[in-house]
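One-letter residues, chain by chain:
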Amino acid sequence: MAPTRRPSDGLLARVNFPLYAVDMLTSRHVLVAGGGGASKTGVANGFEIYEIYHNGQHFCAQEVIRHETGSNVVMNFAVRNDGRRSYLCAGQEAHCQMYFVNPRVVSEDGKEEISVTQESTKNNPDSHINENGIRQRRPATSGVEDVANGHVPAGEKSPPKQDQNANIKRILKFDIKAADSVQTDFLGNDPLQRVVRISPNGHIMATGGTDGHLRVWSFPQMLKTADIVAHSKEIDDIDISPDSKYIITISKDGQGLMWDIATSKKVFDLKWATPEGAKYLFKRCRYGTIEAQRDKYRLFTITNPLGKVGKQRGFLQQWDCTNGKLRLAVGIDESLASLAVRDDGRFVAVGTMFSGSISMYIAFSLQRVLHIPNAHSMFVTGLQFLPVTNEEGPPISSDTEAAVLSISVDNKVCIHSLQHRRTMPAWLAIILIVLVLFGAFTLCSFLGL
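Residues numbered from 1 in each chain as written. Predicted model: local features only at pLDDT ≥ 70, side-chain atom pairs only at ≥ 80, totals over all residues. Heavy atoms only, no water.

1. Regarding the overall build of the chain
Quick reminder of the rule: Each helix corresponds to a stretch of at least 4 residues labelled H or I by DSSP, and each strand to a stretch of at least 2 residues labelled E; elements are numbered beginning at the N terminus. When accessible area is computed with a 1.4 Å probe and restricted to protein chains, residues below 20% of their type maximum are described as buried, those above 50% as exposed, and intermediate ones as partly exposed. In what follows, residue pairs with any heavy atoms lying within 4.5 Å of each other are defined as contacts. Working definition of accessibility: Shrake-Rupley area with a 1.4 Å probe, residue cover restricted to the visible protein chains.
Summing up its helical and strand segments, the chain has 1 helix and 29 strands in all. Out of the 449 residues belonging to the chain, those deemed buried represent 53%. Of the contacts made within the chain by residues no fewer than 6 positions apart, 55% connect residues no fewer than 24 positions apart. A total accessible area of about 21,400 Å² is found for the chain, and carbon and sulfur atoms account for 52% of it.

Set out below in structure tokens:
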């Protein structure tokens, strides 16, 4: 049985607007977005950036910057970090608005300001700032609710390590500046961009929306290179394969389709035998690499039955990316709302529609290893694992095996961590094998076999 945690254990921060999208800006900075829309309700629209760190006992978050977007609510976005700055592409109505997110290192007293792209280490060889300008620090006050959700072995304490350069108090800040905007959806009435993705190689941007078209753009120039009439109804989600060669699209027309980026041709559609012939709709799709095989990957989707209200059985599915056939599926006694795959492909997480619960699974087997009931009071709008690779800076050191962030329209940012699972020591396994063999030999001798 998967371990269960109290719903309050994962609370990191509360904001004053509903949240719809989440992604990692760096290896330890999370960006969340949402808002109340164009109506004059007094609810803001915009972004929040938090720095996530582990203090030896639990995860904590500190607000870094808040950027409001006026009357434009941010329902979806994608980020790309090139080491010097980040590109943020946000869906705002029928358009995709690009923002430049420029990092800068400042002293806590505000007197010193250093661009991350400058060679600051020449003036101070002891500054020890990595490529993202990030330093581990332990602020006295975080400005957000500090709730324990990590795990420390019983009887042990893990105090934060002392920074050998603690006398140099530097903080990473971000400047957000609006850049180009392009229209990405052209439905006659109420056009709306539903999703945007940037390819892993950073050369391609893909968008989908209410008109059912898959549009491919060069990035960061945002020049359209393909316009594919992919679906008869609005596109709910898309993702780009780890090798940046294929795009998967899912839609309210019930189809899941894989496209070849180079040719703009359909490769295959996802087909499976639904329970009792009922109609199911794909809700979210994500690619995930296969551990130790970076050139190979899996595809994951979540699906919900159509036209049913209340208790219903959704599915988490794993697909073969070579032929579009279903490999594994696990039923969940509720409709599903969100999906995430860790950057190393080892874990998958899903969030539910009605109970606001979170579950974590081993990717290759779809075995559930963590369940957090009622993590949110409303449906889970987004999930994002803390990364473990070094592509955008060193990962956060903690005493957990995996951690996933979750957001909801209940205005909460939460984190849910998986404790390191206990395994049998090799010496104990050898002893057990010897005992079994000895017992079997003794039994055979007793029976005269």
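2. Details of the nonpolar core
This is how it is decided: The set of buried Ala, Val, Leu, Ile, Met, Phe, Trp, Tyr and Cys residues whose side-chain atoms join them within 4.5 Å is what this entry labels a nonpolar core.
Judged by nonpolar contacts, the single largest core of 21 residues is most densely connected at Val30, Val32, Tyr50, Ile52, Phe59 and Leu386. Looking at this core, the elements with two or more residues in it are strand E1 (11-14), strand E2 (19-24), strand E3 (29-35), strand E4 (45-54), strand E5 (59-68), strand E28 (400-408) and strand E29 (412-419). Ranked by size, the runner-up nonpolar core spans 18 residues in total, among them Leu31, Ala90, Tyr99 and Val105.

3. Re the UniProt feature "repeat: WD" (unreviewed entry) in the chain
The following threshold applies: UniProt positions are given in the numbering used here, feature names are shortened, and annotations may be inferred rather than shown by experiment.
The residues that UniProt annotates with the feature "repeat: WD" (unreviewed entry) are residues 196-218 and 228-269. The straight-line gap between the two end C-alpha atoms of residues 196-218 is 13 Å; of that span, 0% is helix and 65% is strand.

4. Looking at the pattern of salt bridges
The condition that has to hold: Basic side-chain nitrogens of Lys or Arg form a salt bridge, by our definition, when they fall within 4 Å of a carboxyl oxygen of Asp or Glu.
Evaluation of the coordinates by the stated rule reveals 18 salt bridges. Among the ionic pairs, Arg286 bridges to Asp237, the shortest N-O distance being 2.7 Å. Of this pair, Arg286 sits in strand E19 (residues 280-290) while Asp237 sits in strand E15 (residues 235-240), and the two are 49 residues apart along the sequence. Neither residue differs from the other here; Arg286 and Asp237 are each classed as buried. With its nearest N and O atoms 2.6 Å apart, the salt bridge here joins Arg313 to Asp333. In this pair, Arg313 sits in the loop between strand E20 (293-305) and strand E21 (314-319) while Asp333 sits in the loop between strand E22 (326-332) and strand E23 (336-341), placing the two residues 20 residues apart along the sequence. Looking at Asp333, the relative accessible area reads 55%, which means it is exposed.

5. Topic: the sheet that holds strand E17 (residues 256-260)
Our working definition: Between any two strands, at least two bridges found by DSSP are needed for them to pair. Every axis corresponds to a line fitted to the C-alpha atoms, with the helix fit spanning only the stretch in contact, and the corresponding angles, defined between N-to-C directions, vary from 0 to 180 degrees.
Ordered by their spatial adjacency, 4 strands build an open sheet running E15-E16-E17-E18, and the pairing between neighbours is antiparallel. Bordering the open sheet on either side are E15 and strand E18 (265-269), each of which pairs with just one other strand. Ignoring strand direction, the axes of neighbouring strands in this sheet form an average angle of 25 degrees. Two strands pair when backbone bridges link them, and strand E16 (residues 246-251) and E17 are joined in this way by 5 bridges, in the antiparallel orientation.

6. Observations concerning the side chain of Arg342
With respect to the element layout, Arg342 can be found in the loop between E23 and strand E24 (347-352). If near-sequence neighbours (up to four positions away) are discounted, Arg342 is found in contact with Phe347, Phe385, Leu386, Val388, Glu401 and Ala402.

7. Side note on the packing of aromatic side chains
For clarity, the threshold we go by: In this analysis, rings of Phe, Tyr and Trp, with Trp reduced to its six-membered ring, are considered paired at centre separations within 6.5 Å, and the interplanar angle assigns stacked below 30 degrees, edge-to-face beyond 60, and tilted for intermediate values. Charge-over-ring placement is defined geometrically: NZ (Lys) or CZ (Arg) within 6 Å of the ring centre, and within 35 degrees of the ring normal.
In total, this model carries 9 aromatic pairs according to the counting rule given. Aromatic side chains Phe47 and Tyr99 sit 5.5 Å apart centroid to centroid with 80 degrees between the ring planes, which places their arrangement in the edge-to-face category. Taken together, the residues Phe47 in strand E4 and Tyr99 in strand E8 (residues 95-107) connect sequence positions 52 residues apart. One exposure class covers both Phe47 and Tyr99, and it is buried. Taking 5.5 Å as the distance between ring centres and 80 degrees as the angle between the ring planes, the aromatic pair formed by Tyr87 and Phe219 counts as edge-to-face. Here the residue Tyr87 occupies a position in strand E7 (residues 86-92), and Phe219 occupies one in the loop between strand E13 (213-218) and strand E14 (224-229), the gap between them amounting to 132 residues. Each member of the aromatic cluster is reached from another via a ring pair, and the members are Phe47, Phe77 and Tyr99. A cation over an aromatic ring shows up here: Arg85 above the ring of Phe100, its NZ or CZ 3.9 Å from the ring centre.

8. Let's talk about the sheet that holds E14
Sheets are built from strands paired through backbone hydrogen bonds, the pairs being either parallel or antiparallel. Strand order across the open sheet formed by 4 strands is E11-E12-E13-E14, with antiparallel pairing between neighbours. The sheet terminates laterally at strand E11 (193-198) and E14, the two strands that pair on one side only. In this sheet, adjacent strand axes meet at a mean angle of 15 degrees when their direction is disregarded. Relative to strand E12 (residues 204-209), E11 runs antiparallel, the two sharing 5 bridges. The residue of E12 that forms the bridge with Val195 is Gly208.

9. Notes on the environment of Asp82
What counts is decided by this rule: In the analysis that follows, any N or O atom pair within 3.5 Å is treated as a polar contact, provided that within protein one partner can donate a hydrogen and the other can accept it, and provided that, for residues neighboring in sequence, both atoms belong to side chains.
Counting through the fold element by element, Asp82 comes out in the loop between strand E6 (76-81) and E7. Classification of Asp82 as partly exposed rests on a relative accessible area of 33%. Looking at Asp82, its side chain comes within polar contact range of the main-chain nitrogen of Arg84, at 3.0 Å. One polar contact links the side chain of Asp82 to the main-chain amide nitrogen of Arg85, over a distance of 2.8 Å.

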